[in-house]
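Results of the structural survey
Residues per chain, in single letters:
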Amino acid sequence: MIGFIGYGNLASAVVSGFLDKSVLEPSDITVFVKSDATKQKAKNSGFFVAEDINSLIKASDTVVLAVKPYVFAELLSGIDTKLLEGKTVVSFMACYPLEKLENDLGNCRIVRVIPTIAARFCDDCIALASNAPDVSDVVELFENLGEVHHVKEDMLDRIMIGASSGLGFAAEIMSMYERAVMEMGISKELAHAITSKTFANAANFDDFDDLAAKVATKGGVTEKGLFVMREENMAQIVKNAI
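Residues numbered from 1 in each chain as written. Predicted model: local features only at pLDDT ≥ 70, side-chain atom pairs only at ≥ 80, totals over all residues. Heavy atoms only, no water.

**Things to note about a nonpolar patch on the surface**
- A cluster of nonpolar residues, Phe169, Met229, Met234, Val238 and Ile242, forms a patch on the protein surface that exposes about 400 Å² of accessible area.
- Checked against the element boundaries, Met234 lands in helix α11 (residues 234–241). (Patch = residues over 30% accessible without salt bridge, like charges linked within 9 Å, V, L, I, M, F, W, Y side chains within 5 Å. Areas by Shrake-Rupley, 256 points an atom, 1.4 Å probe, with all protein chains shown as cover. Salt bridge = Lys/Arg side-chain N within 4 Å of Asp/Glu carboxyl O. Helix = DSSP H or I, 4+ residues; strand = E, 2+ residues; numbered from the N terminus.)

And the structure:
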């Protein structure tokens, strides 16, 4: 049994991936949220909706913290930490270190996991860290959603920017590309297909610099386009965003 404190976009994506992989059934999932609309959404999905956090903890072997740190801070005083003894707590929270979680929650196994909303498609790049001696079962669980990388904790928040925020950055670049293709008189439908396929195909290559060099024949339009990107210092713009 797994309980989610919070059920926003990220938790919803993770749950969708688990359900698609048949790792969990709706009856395995308990949710605690404050929003009436989200409660109804969870009920419609077949999940049990807990009336309070401690009811969720009692019903769950694994408790997932899928809220923002400031929300967790507001909820913390209402958590009976004795109920967490012997359980696993998975935290999706950014910038909330293991040491602080351990001080807050007491005698339970805590694992910080950084998934992205790509977990919905079971093709995610996930990082995790823990001070517990063995988290192989947590790694195995999240491997259903994509690649899992067990790293030192000081890398987690950097990876979150590269992977989770990176989805937004990539989407912004792809949106710009799609609009530029449309400005050549190409329909939105075809421009979207071109953009999606182009970026997906580029991702299949191991060395992106080598791919750019192979496509950019001397004196051709690709070489000229790459020259513009480099002259405009696109690399610095991306670096500044990250």
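**Things to note about the nonpolar core**
- By size, the foremost hydrophobic cluster in this structure holds 31 residues, and its most contacted members are Phe4, Phe92, Val113 and Phe142.
- Listed by contribution, the elements that provide at least two residues to this core are β1 (2–5), α1 (9–20), β2 (29–32), β6 (109–114), β7 (124–130) and α6 (136–142).
- The element contributing the most residues to this core is α1, with 4 residues.
- Contact partners of Val113, with chain neighbours within four places excluded, come to Val90, Ser91, Phe92, Ile126, Ala127, Leu128, Val138 and Phe142.
- Of all hydrophobic cores here, the second largest spans 21 residues; its members include Leu56, Val67, Leu101 and Cys108. (Core = buried A, V, L, I, M, F, W, Y, C linked by side-chain atoms within 4.5 Å. Buried < 20%, exposed > 50% of the residue type's maximum accessible area, 1.4 Å probe, protein only. Contact = heavy atoms within 4.5 Å.)

**Describing the environment of Val111**
- If you trace the backbone, Val111 turns up in strand β6.
- For the pair Val111 and Glu153, spaced 42 residues apart in the sequence, the C-alpha separation amounts to 10.0 Å.
- The residues contacting Val111, other than those within four sequence positions of it, are Thr88, Val89, Val90, Ser91, Leu128, Ala129, Ser130, Val135 and Val138.

**Points about unusual backbone geometry**
- A positive phi angle is found at Ser22, which is not glycine, with a value near 60 degrees.
- Structurally, Ser22 can be placed in the loop between α1 and β2.
- A relative accessible area of 54% places Ser22 in the exposed class.
- Not every positive phi belongs to a glycine, and Asn233 is a case in point at roughly 60 degrees.
- Secondary-structure assignment places Asn233 in the loop between α10 (221–231) and α11.

**So, the pattern of salt bridges**
- Across all of its chains, the model carries 5 salt bridges by this definition.
- Arg112 is the partner of Asp157 in a salt bridge, and the nearest nitrogen-oxygen pair spans 3.1 Å. Taken as a pair, Asp157 in helix α7 (residues 156–182) and Arg112 in strand β6 lie far apart in primary sequence, 45 residues in all.
- In this structure Asp157 comes out as partly exposed when scored by relative accessible area, which is 23%.
- The salt bridge partner of Asp210 is Lys214, with a shortest N-O separation of 3.1 Å. Remark: Lys214 and Asp210 occur in helix α9 (residues 208–215); sequence separation between them is 4 residues, near one turn of the helix.
- Overall, the relative accessible area of 33% leaves Asp210 in the partly exposed class.
- For Lys214, a relative accessible area of 59% puts it in the exposed group.
- Overlapping salt bridges, with partners in common, bring together Arg112, Glu153 and Asp157 in one network.

**Here's the deal with the sheet that holds β1**
- Strand order in the open sheet made by the 8 strands is β3-β2-β1-β4-β5-β6-β7-β8, with mixed pairing throughout. Looking at the sheet topology across the chains shown, the edges are occupied by β3 (48–49) and β8 (146–150).
- Two strands pair when backbone bridges link them, and β2 and β3 are joined in this way by 2 bridges, in the parallel orientation. Within β3, the position partnered with Thr30 by the bridge is Phe48. (Pairing = 2+ DSSP bridges.)

**Let's talk about the state of the cysteines**
- Evaluation of the coordinates by the stated rule reveals 0 disulfides.
- Cys95 forms no disulfide, and the closest cysteine sulfur to it belongs to Cys125, at a distance of 18 Å.
- Since its relative accessible area comes to 57%, Cys95 is described here as exposed. (Disulfide = S-S within 2.5 Å.)

**A short note on the packing of aromatic side chains**
- Summed over all chains, the structure comprises 5 aromatic pairs.
- Their ring planes at 65 degrees and their centres at 5.5 Å tell us that Phe18 and Phe142 sit as a pair that is edge-to-face. With a gap of 124 residues between them, Phe18 in helix α1 and Phe142 in helix α6 connect regions that are remote in the sequence.
- A relative accessible area of 0% means that Phe18 is categorised as buried.
- Ring geometry for Phe92 against Phe142: centres 6.3 Å apart, planes inclined by 75 degrees, an arrangement best described as edge-to-face. In this pair, Phe92 is assigned in the loop between β5 (88–91) and α5 (98–105) and Phe142 in helix α6, connecting sequence segments 50 residues apart. Neither Phe92 nor Phe142 differs from the other in exposure class; each is buried.
- Members of the aromatic cluster, each reached through a chain of ring pairs, are Phe18, Phe92 and Phe142. (Phe/Tyr/Trp six-rings, centres within 6.5 Å; stacked < 30°, edge-to-face > 60°.)

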